[in-house]
Amino acid sequence: MNTLVYLIPIALVLSGLGLLALLWAVKSGQYGDLDGASWRVLDDGDDTPRT
């Protein structure tokens, strides 16, 4: 029973830190363009015409 006194606050603090990290990632735009990276992989950069 004494272990729960320590484990419950530790679990609450760690889950709070995870929530803060998620909110920071959303606010800073980490999830803004989910399709862009997959299209950049397929792009070979041949958009410029040859002279």
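Residues numbered from 1 in each chain as written. Predicted model: local features only at pLDDT ≥ 70, side-chain atom pairs only at ≥ 80, totals over all residues. Heavy atoms only, no water.

K.L.:
Can you tell me about the overall build of the protein chain, naming the residues and giving the values?
P.N.:
Helix and strand counts for the protein chain stand at two helices and zero strands. A compact globule built from 51 residues should have a C-alpha radius of gyration of about 10 Å, whereas the protein chain, at 22 Å, is more than 25% larger. Dimensions of the protein chain along its principal axes, counting C-alpha atoms only, are 75 × 20 × 15 Å. Looking at the 51 residues of the protein chain, the share that counts as buried comes to 4%. Of the roughly 5100 Å² of accessible surface on the protein chain, a fraction of 66% belongs to carbon and sulfur atoms. (Helix = DSSP H or I, 4+ residues; strand = E, 2+ residues; numbered from the N terminus. Rg over C-alpha atoms; globule rule 2.2 N^0.38 Å. Buried < 20%, exposed > 50% of the residue type's maximum accessible area, 1.4 Å probe, protein only. Areas by Shrake-Rupley, 256 points an atom, 1.4 Å probe, with all protein chains shown as cover.)

K.L.:
I'd like a description of helix α1 (residues 2-27), backed by residues and values.
P.N.:
Between its first and last C-alpha atoms α1 spans 39 Å; for 26 residues at 1.5 Å apiece the expected length is 38 Å, and the two agree. Positive backbone phi, at 90 degrees, marks G29, one or two positions downstream of α1. (Expected span 1.5 Å × (residues − 1).)

K.L.:
Before we move on, could you go through the environment of Q30 and cite the residues and values that matter?
P.N.:
Among the structural elements, Q30 can be located in the loop between α1 and α2 (36-42). For Q30 and S15, which are 15 residues apart along the polypeptide, the C-alpha to C-alpha distance reads 20 Å.

K.L.:
Got a sec to walk through a negative patch on the surface? Specific residues and values, please.
P.N.:
A contiguous patch of negative charge, built from D43, D44, D46 and D47, is present on the exposed surface. Relative to the helices and strands, D43 is located in the segment after α2. (Patch = residues over 30% accessible without salt bridge, like charges linked within 9 Å, V, L, I, M, F, W, Y side chains within 5 Å. Salt bridge = Lys/Arg side-chain N within 4 Å of Asp/Glu carboxyl O. Lys, Arg positive; Asp, Glu negative; His and termini not counted. Charge placed at Lys NZ, Arg CZ, Asp CG, Glu CD.)

K.L.:
Break down the environment of L34 for me, with residues and values.
P.N.:
Residue placement: L34 occurs in the loop between α1 and α2. Sequence-wise, L34 and L14 are 20 residues apart; in three dimensions their C-alpha atoms are separated by 27 Å.

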